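Now for the letters of each chain:
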Amino acid sequence: MSTYTKVLTAIDLTEEAPQVLNRAIEVCKAHNAELMLCHVVEPVGYAYGGDIPMDLTELQDQLDAAAKEQLDNYGKRHGVSEENQIVTVGRPESEIHRLAEERKVDLIVVGSHGRRGIQLLLGSTANGVLHGAKCDVLAVRIT
Ligand code: AMP
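Every residue gets a number counted from 1 within its own chain, in the order that chain's sequence is written. Reporting in this predicted model follows two pLDDT cut-offs: at least 70 for local features of residues, and 80 or more for side-chain atom pairs to be given and counted; totals over whole chains, interfaces and linings ignore these cut-offs and use all residues. As a convention, hydrogens and water are excluded, and side-chain values are obtained from all of the structure's heavy atoms.

Turning our eyes to something else, we now look at the site of the ligand. Near residues are defined by distance, with any heavy atom within 4 Å of the molecule or strand qualifying the residue. Taken together, 14 residues lie near the ligand, and Ala10, Val40, Gly111, His113 and Thr125 sit nearest. Here Val40 contributes a backbone N or O atom positioned 2.7 Å from a nitrogen atom of the ligand. For accessible areas, the Shrake-Rupley method is used with a probe of radius 1.4 Å. Any residue's cover is judged against the shown protein chains and nothing else. Expressed as a share of its isolated accessible area of 480 Å², the protein-covered part of the ligand is 88%. In this text, helices come from DSSP runs of H or I with a minimum length of four residues, and strands from runs of E with a minimum of two, each type numbered from the N-terminal end. Listing elements by their share of the shell around the ligand, those giving two or more residues are β2 (34-41) and β4 (107-112). Charged means Asp, Glu, Lys or Arg here, nonpolar means Ala, Val, Leu, Ile, Met, Phe, Trp, Tyr, Cys or Pro, and polar covers whatever is left, Gly included. Grouping the amino acids of the shell around the ligand by side-chain chemistry returns seven nonpolar, five polar and two charged. Two N or O atoms form a polar contact when they lie within 3.5 Å of each other; inside protein one atom must be a possible hydrogen donor and the other a possible acceptor, and for residues adjacent in sequence the pair counts only when both atoms belong to side chains.

Okay, structure coming up:
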């Protein structure tokens, strides 16, 4: 049986994050793998459309800092080194792909809501991560 050595867990910092993280921890224990956590902060320019001239740097910095603090809390609780707690800015799917390649990860763990109908057509982060991933992807069903 092949084993995983590096597991990248994508955390959205909602109340659903522990479900995804707990599953990733189980996999890491079973494979004696290294656990990495990542959260992608979306650029605030996206939310504001970019058509109003405003300096959003401070707001972006605050969001980054808040995300780092929350990821650090998860990391400390589960013994994840600071180096393996990664906060980046961008589109979640592409950032997760980039990090997985950069860090030579062999499994990505994401949450999945099992969407149907129109919601499924609109896509989800899990779908986006699955398409184009160069390693295995575990989609943890959120209940
Ligand atoms: P969604 O499809 O947006 O409901 O998200 C499903 C899963 O994608 C979450 O449980 C996370 O594993 C991952 N995810 C979504 N957004 C982010 C984000 N900004 N940073 C890291 N992971 C994310």
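Having seen the model, we can carry on.
Residues at a pLDDT of 70 or more form 87% of the protein, whose mean pLDDT is 90. Each residue carries a pLDDT score, the predictor's confidence in it, ranging from 0 to 100. By mean pLDDT, helix α5 (residues 117-122) is the weakest element of the protein at 62, and strand β1 (residues 6-10) is the strongest at 98.

What follows concerns the side chain of Thr88. Looking at where Thr88 falls in the secondary structure, it is placed in strand β3 (residues 85-89). Any two residues whose heavy atoms approach within 4.5 Å at even a single point are treated as in contact. When near neighbours in sequence (up to four residues on either side) are disregarded, Thr88 contacts His39, Val40, Val41, Glu95, Arg98 and Leu99.

Oppositely charged side chains can form a pair if their charged atoms are brought close together. Think of a salt bridge as a Lys or Arg side-chain nitrogen and an Asp or Glu carboxyl oxygen that are within 4 Å of each other. Per the stated rule, a full pass over the model turns up six salt bridges. Between Glu93 and Arg91 there is a salt bridge whose closest N-O contact spans 3.7 Å. The class for Glu93 is buried, based on a relative accessible area of 16%. What you see here is one network of salt bridges that share partners, running through Glu95, Arg98 and Glu102. Each residue gets one of three labels from its accessible area relative to the maximum for its type: buried under 20%, exposed over 50%, partly exposed in between, using a 1.4 Å probe on protein chains only.

A word on the nonpolar core. Within the largest apolar cluster, 24 residues are counted, with the highest numbers of intra-cluster contacts made by Val7, Ile11, Leu21, Leu35, Leu37, Tyr74 and Val109. Of all the secondary structure elements, the ones that give two or more residues to this core are α1 (17-31), β2, α3 (57-77) and β4. Ala10, Ile86, Ile108 and Ala126 belong to the second-largest nonpolar core, a separate cluster that totals 15 residues. For our purposes a nonpolar core is just a set of buried Ala, Val, Leu, Ile, Met, Phe, Trp, Tyr and Cys residues, chained together by side-chain atoms within 4.5 Å.

Moving on, we come to the environment of Val109. With respect to the secondary-structure elements, Val109 resides in strand β4. Residues Val109 and Leu8, spaced 101 residues apart in sequence, show a C-alpha to C-alpha distance of 6.1 Å. Not counting chain neighbours up to four residues away, the residues in contact with Val109 comprise Val7, Leu8, Thr9, Ala10, Val20, Ala24, Leu138 and Val140.

Okay, α1 next. With 15 residues, α1 ought to run about 21 Å at 1.5 Å a step, and its terminal C-alpha atoms sit 21 Å apart, in line with that. Considered for burial, the residues of α1 that qualify are Ala17, Val20, Leu21, Ala24, Ile25, Val27, Cys28 and His31. All buried residues of α1 lie within an arc of 165° about the axis, which places them on one face of the element. Turned more than 90 degrees off the buried face of α1, the exposed positions are Lys29 and Ala30. Along its buried surface, α1 packs onto β1, β2, α3, β4 and β5 (136-141). Looking at the residues trailing α1, positive phi occurs at Asn32, about 55°. By definition here, a helix of n residues has an expected span of 1.5 Å times n minus one. Note that the arc is defined by the directions from the helix axis to the C-beta atoms.

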